[in-house]
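# Chain and residue survey
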Amino acid sequence: MEDNSSSSSVVSGVTQASFLQKTLERLSSTQNLKLKTEEAGPVAVIALQRYLSEQTEGQQLDSYSYDVTVTDGVWRAKCFLHPSLNHLVHSNSLKTGSDISITQCSFVYNERRLGHGYICIEQLRCAAKRSAVLARVNTVSSLPMLVKQGMERSVVLQSDVPLQVSRKHYLSLWNNDDPEGDIWMSGSPSADTVLDVSKVTLLSSLDSSFKNTWKPLPLLVKIIHKSRLRYYGKFGLKIDYPYQAYFEVADQSGTMSLVLWNELCPEFYQRLNVGTVLYLQNYTLKQSYSNRSRPQMDHHRMKTFNSVEICLNPRNPASVITVVSPKSILPQWGLPDISYQFTARSELEKLANNSACDIIGLVTFVGRVERVKSKGKGPEKYWTYRWVHAVDGTSDHPFILELFSTSQAEIFSHICPMTYLVCTQMRVCHVEGSLPYLTSSCETETFITGYHKGQPYVNDPRVKSFIQWTKTLKDNVVLQKTAVGGYYRYPRPPAMFTQSMADAQVPLVAAADLKRELETLQYREHKKLAIQGQIAVVQYMETPKTPEPQGLKDKEVPSASTDVCDQTVTYPSHSSTAKQTLVESSTSHCTDSSSESRRKRRIQMSKTTQSSLNCGNIPAKRNAGCKNTDEGEEQAEEESNSAFEEVQQVGLSLEGENPHSDSNDLSWESSSWAKQQQEVSEHLCQGGLWQDSICRRFTLDEKNVLLQWSNLQPTRWTPLRTADALSPLLCPGYYHVTILGINKQIAVDAVYIPVVSSSEPQAVGLPQDPHGNTMLSCLSSGFLCPLSNTANNSEETLSSPEEILATASELEDTHVVCILDLCHLGGDKVEVMISKVYRLTEVSLD
């Protein structure tokens, strides 16, 4: 057994050699340790946690720091990731559930605190394949935590708090809106406290007496709206928990805003919900902050007091918050009922732009979670969002929902088809020439099956009517119309492209700027850009068919996050004389401090196109409603394994063959491309089709697998069990397009997937003006005309790729503006999709 002098305790029965233990022992005698390849044993990443960095003198490498918890199968160790390696997290190359090899590390003592220190990982390599370490571990949480001798009593090292002791809490890994960590309390029972309501004051009295001398008498109010969390941390701010949350509260006299500040947010935010009754003491009043969003509350028919707001502070003075038990609430208190404004889909077109409404619907499509960078000041931060379709039976069209994170991470990540979805305070967005959609506001809350019980809306007549309608549906019929994940954009770009649109909405960038945008994208970050130029090459790539995989026996698997898309792929060259193979595998990236430059080099490649033909999909099976209860989740974890990895294996079988490896490709290229290709200084080749770009049919059997696939990489690794084998449902094909910049110095490859069927999620709200199915008209409209209807078996009316490419000669030397959607899919995978191509006649200089 290894000497355990440098660890916190001796664990009986541990006889395996421990890489982490040996490394910690060696660090006791050297300041910095460099490990040879044969010495760097693999360790698995089981947690990756983010927090605001400590401010340092000189250049700040990143706004945030990361703690990485790893295991060698014997011990666990929480380590600090050197800031020079943060880019590996930004690209999701370093992720939970995967193995890494630590090649350089040091032990850092905190000079301002006794008994505190940690291992700092300074260089590492990431393994692309499934974790070999986690395959040997039964229960990760049962492994002991490795702590240096003499530091066993450190509360920080044993708690769910950052290693940098100036920070007291973690942030969500991919946004700043979601509660993260053990400090956030929820589900605490309300106290059956005897309240003295004889001296309570009304909200109307606060509004009238704010500027006069007043004594803060108790308040008895009901919450009628709740906003998402706001994190306002920044360098130099001496507040441990810089959080703020707004609530709208009401009594018999009217409504007023209430603000929950700082450490009261972790204690109370998840306990305070719409309908909760509060007894408040020691609050303060301040003038309302005018520059903030507010819920639309006309339907409450109550007086609104907007001049002042109630502040609940942890100190000076310390507010006293009593959550009143529902059974203690008395009718004589006169607290108002919760009111909603549910809107049917058939009524949506009648609502004014930016008006608010509540909706309930049956989910039919759930897009993947993506991120967009916030334009606010302070440390860099991202919003997370996803697109959802939901039907309510009142219209042939679904609700099209743009849902941003609402600080309800558990609900947001479990939205799936066949679940009942309620969204409150959604804002109407009208789109010229297309269907309106709804986007979430700061006050939006979402609820799915498993979370409706006890919500005030359950007795609303519109809700009851919807439930009655769903009882008339047949699951197998609805399932045929469901989809999960993949590339999705709404609304479509407008018919005309203007300079004002380029300045305000879709930046018109130089080709060199496009290269920089590709290099700086972070994991699941989406950007929409426009580029001028001409189309030099178009190839139609038919997705190869694969045999149905054999069933797998139930077995433990180490990770549900292996990326099959990161495999070397053979792909035909654009040139008729040069056919090359991409020989640099994007998974074998050495992720030390120099790996970022290698990642940038991969974005540039002349005469070679990178692609990943991963279009495997999943067959539909009998499904029922999606429930998110503790019992349901436990059962789902038992039944689902890394079928996610099985999905990836389906993709592997697609990558091994190239259906267009001969010279008979369905393609067109400009007559001048052969010469221009020699003069192009850079060819940005990130436009391949990845399996993450194709949506999949939803089934209950693969629910957890599909949810994990469409969600962001989790902060903590959890084991899953295998499900039945997954058979692929292949996309028919796509067009691979090479765009030559207007100055003919830089080219970029992109993918165009035309909408071919009215059953596709992208077909909803798509303007369908008839066109001639020429290559240019298809790129401009986004669809083949007319769309097929699978119910009527009308696929034979579609133009074939051969017929469409026969018209591509009209692209010769044609000046166009291309709208591109960029999305970082993790590792070295960047999705570049053509959303629309404008002719010059569709461009306005105004």
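Residues numbered from 1 in each chain as written. Predicted model: local features only at pLDDT ≥ 70, side-chain atom pairs only at ≥ 80, totals over all residues. Heavy atoms only, no water.

- As annotated in an unreviewed UniProt entry, the chain carries the name RPA1 related single stranded DNA binding protein and comes from Oreochromis aureus.

## With respect to the overall build of the chain
- Across its full length, the chain carries 17 helices and 33 strands.
- Relative to its full complement of 846 residues, the chain shows a buried share of 59%.
- Counting only contacts in the chain whose residues sit at least 6 apart along the sequence, the fraction spanning at least 24 positions is 76%.
- Accessible surface for the chain amounts to roughly 35400 Å². Of this, 48% is attributable to carbon and sulfur atoms. (Helix = DSSP H or I, 4+ residues; strand = E, 2+ residues; numbered from the N terminus. Buried < 20%, exposed > 50% of the residue type's maximum accessible area, 1.4 Å probe, protein only. Contact = heavy atoms within 4.5 Å. Areas by Shrake-Rupley, 256 points an atom, 1.4 Å probe, with all protein chains shown as cover.)

## Observations concerning the pattern of salt bridges
- Scanning the entire structure with this criterion turns up 20 salt bridges.
- The residue Arg716 makes a salt bridge to Asp160 at a minimum N-O spacing of 3.4 Å. One end of the pair, Arg716, is in the loop between helix 15 (703-710) and strand 27 (733-741); the other, Asp160, is in the loop between helix 3 (155-158) and helix 4 (203-209), and 556 residues separate them in sequence.
- The salt bridge involving Glu248 is made with Arg292; its shortest N-O contact spans 3.3 Å. Of this pair, Glu248 sits in strand 9 (residues 243-251) while Arg292 sits in the loop between strand 12 (284-287) and strand 13 (304-312); the two residues are 44 residues apart in sequence, bridging distant segments of the chain.
- Arg292 gets classed as buried once you look at its relative accessible area, which sits at 16%.
- The network of salt bridges with common partners includes Arg368, Glu370, Arg489, Lys528, Asp821 and Glu831. (Salt bridge = Lys/Arg side-chain N within 4 Å of Asp/Glu carboxyl O.)

## Details of the pairing of strand 31 (residues 816-826)
- For strand 31, the buried fraction is high: 11 of the 11 residues fall into the buried class.
- Pairing analysis gives 8 bridges linking strand 24 (residues 526-542) to strand 31, with the strands arranged antiparallel. Across the sheet, residue Gln532 finds its bridge partner in strand 31, namely Val817.
- Relative to strand 32 (residues 829-839), strand 31 runs antiparallel, the two being bridged by 10 bridges. Looking at strand 32, one finds that Leu820 is bridged to Ile834.
- Hairpin connection of strand 31 to strand 32: 2 residues between the antiparallel strands, including Gly827 at a positive phi of 65°. (Pairing = 2+ DSSP bridges.)

## Here we look at unusual backbone geometry
- Residue Asn316 is joined to Pro317 through a cis peptide bond whose omega torsion reads -5°.
- By secondary structure assignment, the location of Pro317 is in the loop between strand 13 and strand 14 (320-324).
- Cys785 connects to Pro786 through a cis peptide bond whose omega is -5°.
- For Pro786, the position within the fold is in strand 30 (residues 783-788).

## Remarks on the packing of aromatic side chains
- If you walk through the whole model with that rule in mind, you get 23 aromatic pairs.
- With 4.8 Å between their ring centres and 55° between their planes, Trp174 and Tyr523 make a pair best called tilted. In this pair, Trp174 sits in the loop between helix 3 and helix 4 while Tyr523 sits in the loop between helix 10 (511-520) and strand 24, placing the two residues 349 residues apart along the sequence.
- The exposure class assigned to Tyr523 is buried, which follows from its relative accessible area of 3%.
- Seen from their ring centres, Tyr340 and Phe342 are 5.6 Å apart, and the 35° between their planes marks the pair as tilted. Pair check on accessibility: Tyr340 and Phe342 agree, each one buried.
- Of the aromatic side chains, those joined through ring pairs into one cluster are Phe365, Trp387, Tyr437, Tyr488 and Tyr490.
- Between Arg371 and the ring centre of Tyr382, over which it is positioned, the NZ or CZ distance is 4.2 Å.
- Directly above the ring of Tyr838 sits Lys836, whose terminal nitrogen or CZ lies 5.1 Å from the centroid. (Phe/Tyr/Trp six-rings, centres within 6.5 Å; stacked < 30°, edge-to-face > 60°. Lys NZ or Arg CZ within 6 Å of the ring centre and 35° of its normal.)

## Quick word on the state of the cysteines
- For the structure on display, the rule yields 0 disulfides.
- Cysteine Cys105 is unpaired, with the sulfur of Cys79 as its nearest cysteine sulfur at 7.9 Å.
- A relative accessible area of 1% places Cys105 in the buried class. (Disulfide = S-S within 2.5 Å.)

## Overview of the confidence of the model for the chain
- With 80% of its residues at a pLDDT of 70 or more, the chain shows a mean pLDDT of 82.
- Here residues 546-664 is a poorly scored stretch, pLDDT under 50, and it has 344 contacts once near neighbours within four places are set aside; other chains count.
- Note on residues 722-728: pLDDT is under 50 here. Beyond four places in sequence and across chains, it has 36 contacts. (pLDDT = per-residue confidence, 0-100.)

## Focus on the nonpolar core
- Within the largest apolar cluster, 88 residues are counted, with the highest numbers of intra-cluster contacts made by Val70, Leu94, Ile100, Leu401, Leu403, Leu421 and Leu438.
- Apart from residues lying up to four places away in sequence, Ile100 is in contact with Gly41, Pro42, Val43, Val45, Val70, Leu94, Leu124, Arg125 and Cys126.
- In this structure, Val756, Val816, Leu822 and Ile834 belong to the second largest nonpolar core, which totals 37 residues. (Core = buried A, V, L, I, M, F, W, Y, C linked by side-chain atoms within 4.5 Å.)

## Here's the deal with the side chain of Ser65
- Positionally, Ser65 belongs in strand 3 (residues 64-71).
- Reaching out from Ser65, the side chain makes a polar contact with the side chain of Ser53 at a distance of 3.0 Å. (Polar contact = N/O pair within 3.5 Å; in protein donor to acceptor, adjacent residues only side chain to side chain.)

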